Each structure stands twice: as C-alpha cells, then as structure tokens.
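An overview of the molecular structure
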Amino acid sequence: MTAQTQLLDDKALLGRLLAGDKQAFVALVQEHHSALVRLARVFVSTQASAEELVQETWMAVLDGLKAFEGRSSLRTWIFRILSNRAKTRAVREGRSVPMSALGEPEGENEPAVDPDRFAKDGHWADPPHSWREEDPEKLALRAEAIGCVERAISAMPASQRAVITLRDVEGVASDEVCEALGLSEANQRVLLHRARARVRSALEAFFDEEKER
Amino acid sequence: MMPTCQEMTELVTDYLAGDLALGTRLRFQLHLGLCRNCRRYLRQMKASVRATGQLSKLSIPAPMMNELLQRFDNWKSR
C-alpha cells in the first residue's frame, strides 16, 4: 500500500469515491493496478487480455460501489470481483478454468524438495547447493535473480501462482488471500509452501548455472 | 523425535509463519542448531521470499488510466 492511501481507511475512501472524487479514484486504481494485472495474468494468457480483465473489473467495481457493504476490505472485494469475472470469462470462452482447481491444491503431494536428494533415513544426500548470494538483502538487489523468480512464478500451476502473487509479491495477508480467492486456510498454506519451494529451486538452478559460466 | 532433514523442508513455511506448535518448533530449532544444511535451506528460503517481494510494480499505462477516468466521469454523472 502506498503511504498516500494507507492514510485513508476504506470508509473514508468509499465516501470520497461515492462523492465522485476523481483523485480518490486515481489513487485507488494506482494502488491496486499492479496486483490486479499480476492476478489477471494467472487466468489469461496475454498482457493485453489481462489489462482488459482489469478494466472490466474497475467497471464492475464502480457499478457495485453503492451496494458495497464493507463486510470485507475494499481490496479483498476488488480481488474477488476480478477472480470471479476471470472464471466466468473462461467458462464463456469454453476454456478449461485454471482456477477450478483452486479448491484442491494442485500437487498436494508435490514435495518441497526432490526426494532423490535425501538418503533413506531422511537426511540430506545432496544438500542445498551454495548460492553466490544467499544474503536476502543482497539477493534482492540482483536483477537477474529477480528475473529468474519472475519466470519461476509464470511457470507455476494457476493456484500456486495466484497465492504466491498475492502473498509474497504483493504482501497481502493470508486471511485476505483466502477470502479473495475462495480458499481454505489449509489449502492456501499448502499452495504457498509449494510455490516458495519452486522459487528456491529455480534460484538454486540459476546459481548452479552461474557457477558453470 | 527430531524431524529429519526432509521433514524440515516441509515444515519451513509454517515455521516462518510462526504457526508451528511449541514442541514442533523447539524440535525444528534443535535440528537447525545441529544441521548446517538445513540452516542453509532456511536461509535460502528466506532469501527467496525476499526476492519474490522485489518483483517490480507494474504501472498503469496512460491510455488505460484515461479511459478509466472517462468511465468514472460517466459513472459520476449517472
């Protein structure tokens, strides 16, 4: 959240929007644009259709604003409108609905680490490879590593991708993510766990490759 | 019983979230104290989460913002 809008609680913001305050609308759109487009990309394959979906979402937000009752946060409500529209659109276009699997986490039995890397007694046989940069602060500054994370996330099953996008990319709290995506706390946790393990393993491969260069 | 290394890799998300029951958390920490490989795994996990938070913010293209503002004006005058 930007400092600018963090100061506005939902109620105050809602009041300004309903009064037709353009600045409040701009602030709201700017604050959530990135998260919405990233979430939309989970459901649709191109950047253009993701932006279209986000645009439709804002129209639906305006249409529904007067009836918004504040049972969830404004942000959760907006995320939910987007994910519901995305599912409807997928059905209409006769595509498989990637998020239909959201309730049942894909790869529930997917281990965090390849079982071949452990000995029979469960101890490391092939321990985590060292990375040139393991310090979180310094790793965060390496653009190629961040690019590697971005690619790993794009390659994930939809449900894992949706959860890690909201939790770790956008920093949304777990209860809000559950509500926005219609997930149980347990499923959300499994999906986040698998997704993070995939990111770690992608970074390990990235640093292995770097060692060879 | 202390978790094995393999079990450690499955507990790490709950550990980072502070969701492990007290007994499990203590056994997790005991294992960490004894195992540098698992310490490395945890360190890499933290670094991965931090790196994920660094993905750049996408900014809204100007034409899209303009279009939305136009819709907002229409909505307002309804």
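Residues numbered from 1 in each chain as written. Chains lettered and ligands numbered in written order. Predicted model: local features only at pLDDT ≥ 70, side-chain atom pairs only at ≥ 80, totals over all residues.

Looking only at helices and strands, chain A features 10 helices and 0 strands. For chain A, the sequential pattern of α-helices and β-strands runs α-α-α-α-α-α-α-α-α-α. Relative to its 213 residues, chain A shows a buried fraction of 36%. In chain A, 67% of the contacts between residues at least 6 apart in sequence involve partners at least 24 apart. (Helix = DSSP H or I, 4+ residues; strand = E, 2+ residues; numbered from the N terminus. Buried ≥ 20, exposed ≤ 12 C-beta atoms within 10 Å, placed from the backbone. Contact = placed C-beta atoms within 7 Å.)

Summing up its helical and strand segments, chain B has 4 helices and 0 strands in all. For chain B, the succession of helices and strands along the chain, N to C, is α-α-α-α. The C-alpha radius of gyration computed for chain B amounts to 23 Å, which surpasses the reference 12 Å derived for 78 residues by more than 25%, pointing to a less compact arrangement than a globule. Principal-axis analysis of the C-alpha atoms places the extent of chain B at approximately 70 × 25 × 15 Å. For chain B, with 78 residues in total, the buried portion stands at 22%. (Rg over C-alpha atoms; globule rule 2.2 N^0.38 Å.)

Attention shifts here to the interface of chain A and chain B. With 43 residues of chain A at the contact, the number on the chain B side is 36 residues. Put simply, the parts of the chain that give the side of chain A that touches chain B at least two residues each are helix H3 (22–43), helix H4 (47–65), helix H6 (136–139), helix H7 (143–154), helix H8 (158–169) and helix H10 (185–212) of chain A. Taken together, the residues that form the side of chain A that touches chain B break down as 24 nonpolar, 9 polar and 10 charged. (Nonpolar A, V, L, I, M, F, W, Y, C, P; charged D, E, K, R; others polar.)

A few words on H4 of chain A. Taking 1.5 Å as the rise per residue, H4 of chain A with 19 residues should run 27 Å; its terminal C-alpha atoms sit 26 Å apart, in good agreement. Buried within H4 of chain A are the following residues: Ala50, Glu51, Leu53, Val54, Thr57, Trp58 and Val61 of chain A. The buried residues of H4 of chain A all sit within an arc of 155° when viewed along its axis, so they share a single face. Exposed and oriented more than 90 degrees from the buried face of H4 of chain A are Ala48 and Asp63 of chain A. Contacts from the buried residues of H4 of chain A go to H3 and helix H5 (74–92) of chain A together with helix H4 (62–76) of chain B. (Expected span 1.5 Å × (residues − 1). Arc of directions from axis to C-beta.)

What follows covers the nonpolar core. With 49 residues, the main nonpolar core has Leu39, Ala40, Leu82, Val149, Val163, Leu166 and Ala195 of chain A as its most contacted residues. Of the residues forming this core, the biggest block, 9 residues, is contributed by H3 of chain A. Excluding its chain neighbours within four sequence positions, the residues that come into contact with valine 149 of chain A are Val199, Ala202 and Leu203 of chain A together with Ala51, Thr52 and Leu55 of chain B. (Core = buried A, V, L, I, M, F, W, Y, C linked by C-beta atoms within 7 Å.)

Residue and element names in this part refer to chain A. Following the sequence through the fold, phenylalanine 207 ends up in helix H10. What makes phenylalanine 207 partly exposed here is the crowd of 19 C-beta atoms within 10 Å. Apart from residues lying up to four places away in sequence, phenylalanine 207 is in contact with His129, Trp131 and Arg132.

Model confidence for chain A is summarised by a mean pLDDT of 87, while 89% of its residues fall at 70 or above. Below a pLDDT of 50 lies the segment residues 1–7 of chain A, which in the model reaches 7 contacts outside its immediate sequence neighbourhood of four places, other chains included. (pLDDT = per-residue confidence, 0-100.)

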